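Coordinate inspection notes
These are the residues of each chain, in order.
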Amino acid sequence: MEKDYKSRTKFWKGVLVGALVTAFAGLIIVGVATGISLIGMTVIDKQQDQMQTVESSGQAAPVRQNLDMDAIEDKLETLQEIVNQYYLFDEDMDKVESGIYKGMMMGLDDPYTVYYTPEEYQSLMEETEGVYCGIGVLVSQNMQTGTITALRVFKGSPAEEAGMKKGDIFYKVGDIEASTKDLDVLVKEDIRGEEGTFVDITVYRDGEEVSLHIQRRMVETTTVEGRMLDEDTGYILVTQFEIVTGDQFEQMVEDLEAQGMKELIIDLRDNPGGVLDACVQMAAYILPDDQWDGTIISTSDKYGKGVRYYSKDGKIRYEANDGRGDDPRYPQEDGHELAMPIVVLINGQSASAAEVFAGALQDYDRAQLVGTTSFGKGIVQSVLPLGDGSGVKLTTSHYYTPSGFDLHKKGLDPDVEIELELDEELKGQYDIPAEKDNQLQKAIEVLGEQ
């Protein structure tokens, strides 16, 4: 009982005072969107000394460049002897060993770097075609506190029917404290399941715990929604970037143009990102290829190597100088430019691929950004397998907007900054009347000035 109390105290403390450093996952019902393998442009001098010094309080302090594996092994043996002699309970050696590796990755002080046990890695990587049964929620995880928040509860979804609301904080999934588990693994192992089965989720809402009994089932959702706001102004909401998002976006633009659209608002608020290719496809569909060498996004690892996605001669192209070779998916047809006034709505939850898209349009001077500064996730992780069936998710490179801007931990600043102000009864809702959405109204005003 005391242990459970301490666990809850730690959890709520993290919820209430944790800094917002959010990493995003995709729809629970379809899994987490895979990003690109994208850190700084520092070129390592392999001949540099193994020891460097930094100034601290006027004194030079050594900075170790390598681990002393012999000393670590000796210390582990000492700790094991202490455990053998004094520890009250039985050891689970598999968990102890996994804890060592997880601790090493945590020591990198990068919230996006994670060690996966063989079981977790298999669960993360396995194909689940035909069993995408979940609850219909777009979620994010605070990478410092581990807390998981519902960004969007989709209409008609099992989660909505069970009473889940936007802003709910996941406390427990079954008996598992949600904040203690990597979001990708939690979704695949604990939230997803066979169609018709139930999952019990306890959320934290308005200072209280709320228990939800949710049935898993197939849920069809779209990532792109649109409508005409008036006879000239089209509005497209993009909730996240999935494989199908690019095609859905192009179709929606064509539909709205057929209805007379002459100017466009693209809403990326609360969009956590997702699949890079969809973002590139959408940007290429809008942008010309006569600036920044047609670049849409480029990446660079710590050796200065990376990839570039760009448009040229009516095609979306890919090039790499990091040894990974050609991507058989490219080149792809493009040859399209959307020559009309555009505003992109962003906020502090617009992240990753959403920032790639908005940053490209801003650099090309093809759209004005309205809202608040975006999240600022300019790094991407690679999932790398290890020989024993386990794996690691590791931050491997930075990405850059066409102008070379590194937005990591900075975000994109809007051209027109305006905080969202809603009437109390509208907070936490999705279907906000256009006339009540002051950020959307400002976007319409900005279009009128162009």
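Notes on the structure follow. Predicted, not measured: the structure shown is a model, and the values here were computed from it. Each residue is numbered by its place in its chain's sequence as written, counting from 1. In keeping with the model being predicted, local features are shown solely for residues with a pLDDT of at least 70 and side-chain atom pairs are shown and tallied solely at 80 or more, while totals for entire chains, interfaces and linings include all residues. In computing side-chain properties, one takes all heavy atoms of the structure into account and sets aside hydrogens as well as water.

What follows covers the overall build of the protein. When you go through the protein residue by residue, the secondary structure sums to ten helices and 24 strands. Using a 1.4 Å probe on the protein chains alone, a residue whose accessible area is under 20% of its type maximum counts as buried, one over 50% counts as exposed, and one in between counts as partly exposed. In the protein, which comprises 450 residues, the proportion classed as buried is 47%. With residues, only the protein chains shown are counted as cover, and all accessible areas are computed by Shrake-Rupley using a 1.4 Å probe. About 23500 Å² of surface is accessible on the protein, with carbon and sulfur atoms providing 49% of the total. Each helix is a run of H or I in the DSSP string that is no shorter than four residues. Each strand is a run of E no shorter than two, and both are numbered from the N terminus.

Turning next to the sheet that holds strand S21 (residues 368-371). Strands pair, by our definition, only if DSSP identifies at least two bridges between them. If you walk across this open sheet you meet the six strands as S13-S14-S15-S20-S21-S24, and the pairing is mixed. At either margin of the open sheet sits one strand with a lone partner, and together these are strand S13 (224-228) and strand S24 (416-417). Direction of pairing for strand S15 (residues 263-267) relative to strand S20 (residues 342-346): parallel, over a ladder of four bridges. Bridge assignment links leucine 264 to a residue of S20, and that residue is isoleucine 342. Contacts are residue-level and defined by heavy atoms, with any inter-residue pair within 4.5 Å sufficient. Comment: axis = line fitted to C-alpha atoms, over the contacting stretch for helices; angle = value between 0 and 180 degrees taken between N-to-C directions. Against the sheet, helix H9 (residues 353-363) engages S15, S20 and S21, with an angle of about 145 degrees to S20.

With that settled, the discussion passes to the packing of helix H4 (residues 118-125) against helix H6 (residues 183-191). Across the interface, H4 lies against H6 with an axial gap of 9 Å and an inter-helix angle of 75 degrees. Regarding the angle of H4 to H6, the classification is roughly perpendicular. From H4, Glu119, Glu120, Ser123 and Leu124 reach across to H6, where they touch Asp184, Val185, Lys188 and Glu189. Only Asp, Glu, Lys and Arg are considered charged, only Ala, Val, Leu, Ile, Met, Phe, Trp, Tyr, Cys and Pro nonpolar, and every remaining residue, Gly among them, polar. Residues of the contact of H4 with H6, tallied by class, amount to two nonpolar, one polar and five charged. The scheme is simple: roughly parallel for angles under 35 degrees, roughly antiparallel for over 145, roughly perpendicular for 65 to 115, oblique for anything else.

So, about the pattern of salt bridges. We count a salt bridge whenever a side-chain nitrogen from Lys or Arg sits within 4 Å of a carboxyl oxygen from Asp or Glu. One pass over the full model with this rule turns up 17 salt bridges. Residue aspartate 190 pairs with lysine 181 through a salt bridge whose shortest N-O separation is 2.7 Å. Residue aspartate 190 shares its accessibility class with lysine 181, and that shared class is buried. Measuring nitrogen to oxygen at the nearest pair gives 3.5 Å for the salt bridge that ties lysine 393 to aspartate 184. Residue lysine 393 is located in strand S23 (residues 391-400), and its partner aspartate 184 is located in helix H6; the two are separated by 209 residues in the primary sequence. Judged on exposure class, the residue lysine 393 and its partner aspartate 184 are both buried. Through salt bridges with shared partners, a single ionic network connects Lys181, Glu189 and Asp190.

Here the focus is the pairing of strand S16 (residues 295-301). Of all seven residues that make up S16, seven are buried, and the element is covered over most of its length. Bridge analysis of S16 against strand S17 (residues 307-312) gives three bridges, and the strand direction is antiparallel. Bridging across to S17, serine 298 finds its partner in arginine 308. Linking S16 back to S17 in an antiparallel pair, the connection comprises five residues, with glycine 304 at a positive phi of about 85 degrees. The sheet contact formed by S16 and S23 spans four bridges and is antiparallel. The residue bridging aspartate 301 from the neighbouring strand is serine 397, located in S23.

Keep in mind these values describe shape, not function.
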